[in-house]
Amino acid sequence: MAALVAGRVLDVPDFPQPGIVFKDLMPLFADGPAFRQVVDGIVAHHGPDSFDVVAGIEARGFVVAAAIAYATGAGVVPIRKAGKLPRAAYSASYSLEYGEATLEVHQDAFMTGQRVLLVDDVLATGGTAGAALDLIVQANGSVAGFSVLLELGFLEGRKRVAPREVHAVLTV
């Protein structure tokens, strides 16, 4: 599976600002058979009965979360950028490699103790992931697992989400 991701990620230099190399996974999403294999691999890693709902981080995490939810018959919950949710929401602010940001989740997104698989496209510094994981707990969910398609190991995001386990399809 790592080779599938590695062969379908494009480096976009100086995006969203000079000095940042953006990892574009849209070619993976556009390749149906490869995307299906990766989704099936994430489901197999965690086990299809190990979670009740899948949470995806805006925006590319939505693509992965929806696919996993559909494949397993689970629900899907968006974790969104600030100001995008229409009802009462919890929020968490964090630093990322090129600025500051805030994520939100509806206060009633999870039933108490509901097992949540969190997914995203890339784990970089861990700020986004850490905030999302904290929001799941704040909204009474139970983190059942965390998967990303691509981990930028040199940015040490795992340290920021420790002691939670990170499942990365590909680490560079």
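Quantities reported herein were computed from a predicted structural model and do not represent experimental measurements.

Caption draft 1: Focus on the nonpolar core. With 27 residues, the main nonpolar core has Leu 25, Val 38, Val 54, Ile 68 and Leu 149 as its most contacted residues. Elements supplying a minimum of two residues to this core: α1 (2–6), α2 (26–30), α3 (32–46), α4 (60–72), β7 (115–123), β8 (142–151) and β9 (167–171). Element by element, the count of residues in this core is highest for α3, at 6 residues. Setting aside chain neighbours within four positions, we find Ile 68 in contact with Val 39, Ile 42, Val 43, Phe 51, Val 54, Leu 117 and Val 119. Counting residues in each nonpolar core, the second largest holds 26 residues, with Leu 103, Phe 110, Ala 129 and Ala 132 among its members.

Caption draft 2: A look at the pattern of salt bridges. Scanning the model with the defined rule gives 9 salt bridges in all. In this structure, the salt-bridge partner of Arg 164 is Asp 134, at a minimum N-O distance of 3.9 Å. In this pair, Arg 164 is assigned in the loop between α6 (157–161) and β9 and Asp 134 in helix α5 (residues 127–138), connecting sequence segments 30 residues apart. On the accessibility criterion, Arg 164 (31% relative accessible area) is partly exposed. A relative accessible area of 45% means that Asp 134 is categorised as partly exposed. Two residues, Arg 158 and Glu 151, come together in a salt bridge whose shortest N-O distance is 2.8 Å. With a relative accessible area of 35%, Arg 158 lands in the partly exposed category.

Caption draft 3: Region of the structure containing α3. An ideal rise of 1.5 Å per residue puts 21 Å on 15 residues; α3 measures up with 21 Å between its terminal C-alpha atoms. Where α3 ends, the next residue or the one after it, Gly 47, has phi of about 95 degrees, a positive value.

Caption draft 4: Main features of the packing of α3 against α4. Where α3 contacts α4, the two axes come as close as 10 Å, and the packing angle between them is 70 degrees. Accordingly, the angle class assigned to the pair α3 and α4 is roughly perpendicular. Viewed along their axes, α3 and α4 form a crossing whose handedness is right-handed. For the pair α3 and α4, contact is made by Phe 35, Val 39, Ile 42 and Val 43 and by Val 63, Val 64, Ala 67, Ile 68, Ala 71 and Thr 72, respectively. Grouping the constituent residues of the contact of α3 with α4 by class yields 9 nonpolar, 1 polar and no charged.

Each value, and the rule that gives it
Residues numbered from 1 in each chain as written. Predicted model: local features only at pLDDT ≥ 70, side-chain atom pairs only at ≥ 80, totals over all residues. Heavy atoms only, no water. Core = buried A, V, L, I, M, F, W, Y, C linked by side-chain atoms within 4.5 Å. Buried < 20%, exposed > 50% of the residue type's maximum accessible area, 1.4 Å probe, protein only. Helix = DSSP H or I, 4+ residues; strand = E, 2+ residues; numbered from the N terminus. Contact = heavy atoms within 4.5 Å. Salt bridge = Lys/Arg side-chain N within 4 Å of Asp/Glu carboxyl O. Expected span 1.5 Å × (residues − 1). Axes fitted to C-alpha atoms, helices over the stretch in contact; angles between N-to-C directions. Parallel < 35°, antiparallel > 145°, perpendicular 65-115°, else oblique. Left-handed = near helix turned anticlockwise from the far one by under 90°. Nonpolar A, V, L, I, M, F, W, Y, C, P; charged D, E, K, R; others polar.

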